[in-house]
Amino acid sequence: MNSEKIKDLKFIIIFIIIVVFSLAYLTQSSLAKYRKQADATINVNIAQWNVVVNNESINNKTTLTQNIVPSFTGNEHIKDSVIAPGSTGYCDIVISATKVDVDFIYEITANIPEESDVPDLKITGYIIEPSQTNTTQIPFDENTTITGNIKKNSNKNTIRLYIKWEEENGTMDNYQDTIAAINNGKALIKANLKFYQQTS
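Residues numbered from 1 in each chain as written. Predicted model: local features only at pLDDT ≥ 70, side-chain atom pairs only at ≥ 80, totals over all residues. Heavy atoms only, no water.

Structural notes on the sheet that holds strand β8 (residues 146-150)
Taken in spatial order, the 3 strands of this open sheet run β8-β5-β10, and their pairing is antiparallel. Lying at the two open borders of the sheet, with one neighbouring strand each, are β8 and β10 (190-197). This sheet shows a mean twist of 20° between the axes of neighbouring strands, independent of strand direction. Relative to β8, strand β5 (residues 104-111) runs antiparallel, the two being bridged by 5 bridges. Pairing of isoleucine 108 across the sheet is with isoleucine 146, part of β8. (Pairing = 2+ DSSP bridges. Helix = DSSP H or I, 4+ residues; strand = E, 2+ residues; numbered from the N terminus. Axes fitted to C-alpha atoms, helices over the stretch in contact; angles between N-to-C directions.)

Observations regarding the nonpolar core
If you look at the biggest cluster of nonpolar residues, it comprises 27 residues, and the most contacted ones within it are Val51, Ile95, Phe104, Tyr106, Ile146, Leu161 and Phe195. Going through the elements one at a time, β4 (88-96), β5, β6 (121-128), β8 and β9 (157-165) are the ones with two or more residues in this core. (Core = buried A, V, L, I, M, F, W, Y, C linked by side-chain atoms within 4.5 Å. Buried < 20%, exposed > 50% of the residue type's maximum accessible area, 1.4 Å probe, protein only.)

With respect to the environment of glycine 170
On the secondary structure map, glycine 170 appears in the loop between β9 and α2 (174-182). On a C-alpha basis, the gap between glycine 170 and proline 85 in space is 9.3 Å, while along the polypeptide they are 85 residues apart.

Quick notes on the pairing of β9
Of all the 9 residues making up β9, 8 are buried; the element is thus mostly covered by neighbouring parts of the structure. Here 8 bridges tie β4 to β9, and the two strands are oriented antiparallel to one another. Bridged to valine 94 within β9 is threonine 158. Here β6 runs beside β9; their pairing, made up of 7 bridges, is antiparallel. Counterpart to isoleucine 123 in the pairing with β9 is isoleucine 163.

What about unusual backbone geometry?
A positive phi angle, close to 50°, is found at asparagine 54, a residue other than glycine. As for its placement among the helices and strands, asparagine 54 is situated in the loop between β1 (52-53) and β2 (56-57). Even without being glycine, glutamate 129 reaches a positive phi, approximately 60°. For glutamate 129, a relative accessible area of 34% puts it in the partly exposed group.

Right, here's the structure in full:
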């Protein structure tokens, strides 16, 4: 009888050991769900900044390779698309933000550089977003800074500069006017454009 009790006792002890190990394994697996570690990569898209001026990207450039061509409307005394004393015209600076993912601010200054053969050329005014209903020019002088905001991913933002060859109050005389034309002189305007991300 003793040997049967010992046998039963051995069976119970083995059974208890198996149950304890099974419970320990199950407990460890279920608790391991809360103790595991994993690495993850967070992928964030960086905002595009590709401002385009008159169909030319300004990325990595300090000077546009294409000149901005002004329009001069002739009259009964002056042919279209040429400049002469008394001529008036305009040039458009068109800023595209279709590939810009942030709102930004622009600043434009312009002047007649010393190397211009027509120092009597003047910027007389400007209009932001000219249209049939928006025709009022804002006065411009060499100390003027044109500034404005452009919304992200906007298509076309136009700043129109109005130009005049000042005849009456100019510094050039008729001889200098004639020499500039004979020598195929260059009437130049220098525009400086700056762009800043809008942060507030």
